[in-house]
Every structure is written in structure tokens, then in C-alpha cells.
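Next come the chains, spelled out residue by residue.
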Amino acid sequence: MIITVEDIRAVRHIAHNIDNGRVDMYIREAEILDVVPAISAELYEVLDAGENLTTEQEMMLNGGYYYDGCAKCKFEGLKVATAYLAYARFMRNNQVNVTPYGVVTKIGDES
């Protein structure tokens, strides 16, 4: 996998008492169902290995800066994008939410 639970925690809060295994399945889903079709299995395999990456591949994975005409622009990279995709899957499918006020259990789709 190109990201871990800690990569998700860097962009969105997930309580530390939630077992990483509960989140890992959503990371796997996001990578296989969302990322691989967008970038190709071959490129995913290279990025997943993480060895001997080119500058462009490092930038794609971790983000960086580029110039749009005369303006300098920043993009976050594939790790952050994948973290948001996995977080969205986790939040949508998780029946128990740990909040600052305690544990909330979803009873129905609208709760």
C-alpha cells in the first residue's frame, strides 16, 4: 500500500484507539478501486515499491510545486489524495464514530 493509517491521520483525525486493521481495508479499497484505475497498475506497482523513483514519481507521490505560466502552484500529491479517499470510505462504512464527546453508534442511514 502506498499510504498507512498515519498518512490519513496527517490530513484528518482518526482516534488512536481505533485499530489500524479497521482502517487498512479502506486504504486497500481506495488504492485498488480508485487509484489503480486512474494511474495504471504498472505505475502503482512502481510507486508501491518506492525504490529508485524518478523525481517526477516522487513529486506525484508526495506533492510539490509547479509553474502555471508565471504563477507557482502547489499540489498535495497522490498520498494525500488517497488518504482522503480512504478516509471517506472509512467514514461512510464505519458504524461506530469516536468523537471528542464519546462513542456514537449509528442506528440508521440518517443518524
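Before any of the text, the structure's been laid out above.
What counts, and where the lines are drawn
Residues numbered from 1 in each chain as written. Predicted model: local features only at pLDDT ≥ 70, side-chain atom pairs only at ≥ 80, totals over all residues. Heavy atoms only, no water. Phe/Tyr/Trp six-rings, centres within 6.5 Å; stacked < 30°, edge-to-face > 60°. Helix = DSSP H or I, 4+ residues; strand = E, 2+ residues; numbered from the N terminus. Buried < 20%, exposed > 50% of the residue type's maximum accessible area, 1.4 Å probe, protein only. Lys NZ or Arg CZ within 6 Å of the ring centre and 35° of its normal. Pairing = 2+ DSSP bridges. Bend = angle between axes of the 7 residues up to and from the residue. Contact = heavy atoms within 4.5 Å. Axes fitted to C-alpha atoms, helices over the stretch in contact; angles between N-to-C directions. Parallel < 35°, antiparallel > 145°, perpendicular 65-115°, else oblique. Left-handed = near helix turned anticlockwise from the far one by under 90°. Nonpolar A, V, L, I, M, F, W, Y, C, P; charged D, E, K, R; others polar. Core = buried A, V, L, I, M, F, W, Y, C linked by side-chain atoms within 4.5 Å.

## Quick look at the packing of aromatic side chains
- Tallying each qualifying case throughout the model produces 2 aromatic pairs.
- Both rings, one in Y26 and one in F90, keep their centres 5.9 Å apart while their planes meet at 65°; by these two values the pair is edge-to-face. Highlighted residues: Y26 in helix 2 (residues 20–39) and F90 in helix 5 (residues 78–93), separated in sequence by 64 residues.
- Take Y26: its relative accessible area is 10%, and that puts it in the buried class.
- A cation over a ring is seen here: K72 above Y65, with NZ or CZ 4.8 Å from the ring centre.
- When the ring centre of Y65 is taken as origin, the NZ or CZ atom of K74, which lies over that ring, is 5.5 Å away.

## Focus on the pairing of strand 1 (residues 64–68)
- Relative to strand 2 (residues 71–75), strand 1 is paired through 5 bridges, and the arrangement is antiparallel. Of the residues in strand 2, the one forming a bridge with Y66 is C73.
- Linking strand 1 to strand 2, which pair antiparallel, is a turn of 2 residues; within it G69 sits at a positive phi near 70°.

## Some thoughts on unusual backbone geometry
- Non-glycine residue S40 carries a positive phi angle of around 95°.
- With respect to the secondary-structure elements, S40 resides in the loop between helix 2 and helix 3 (41–49).

## Considering the environment of Y101
- Note that Y101 resides in the loop between strand 3 (96–99) and strand 4 (102–105).
- Separated by 92 residues in sequence, Y101 and R9 have C-alpha atoms that sit 19 Å apart.

## Observations regarding helix 2
- For helix 2, the principal kink sits at E31 and spans about 30°.
- For helix 2, the complete set of buried residues consists of V23, Y26, I27, A30, E31, V35, V36 and I39.
- For helix 2, the secondary structure elements touched by its buried residues are helix 1 (5–11), helix 3 and helix 5.
- Phi for S40, located one or two positions after helix 2, is positive at around 95°.

## Observations regarding the packing of helix 2 against helix 5
- Viewed as axis vectors pointing N to C, helix 2 and helix 5 meet at an angle of 125°, and their least axial separation amounts to 8 Å. Taken as axis vectors, helix 2 and helix 5 run oblique relative to one another. The way helix 2 lies across helix 5 gives a crossing that is right-handed. Contacts between helix 2 and helix 5 involve R22, V23, Y26, I27, E29, A30, E31, L33, D34, V35 and I39 from the former and L78, T82, L85, A86, R89, F90 and N93 from the latter.
- In terms of residue class, the contact of helix 2 with helix 5 is made up of 11 nonpolar, 2 polar and 5 charged.

## Thoughts on the nonpolar core
- In this structure, I8, V23 and L47 are the most contacted members of the largest nonpolar core, which totals 24 residues.
- Put simply, the parts of the chain that give this core at least two residues each are helix 1, helix 2, helix 3 and helix 5.
- The contact partners of V23, leaving out residues within four places of it in the chain, are V5, I8, I14, I18 and F90.

Any link to function would need more than the numbers given here.
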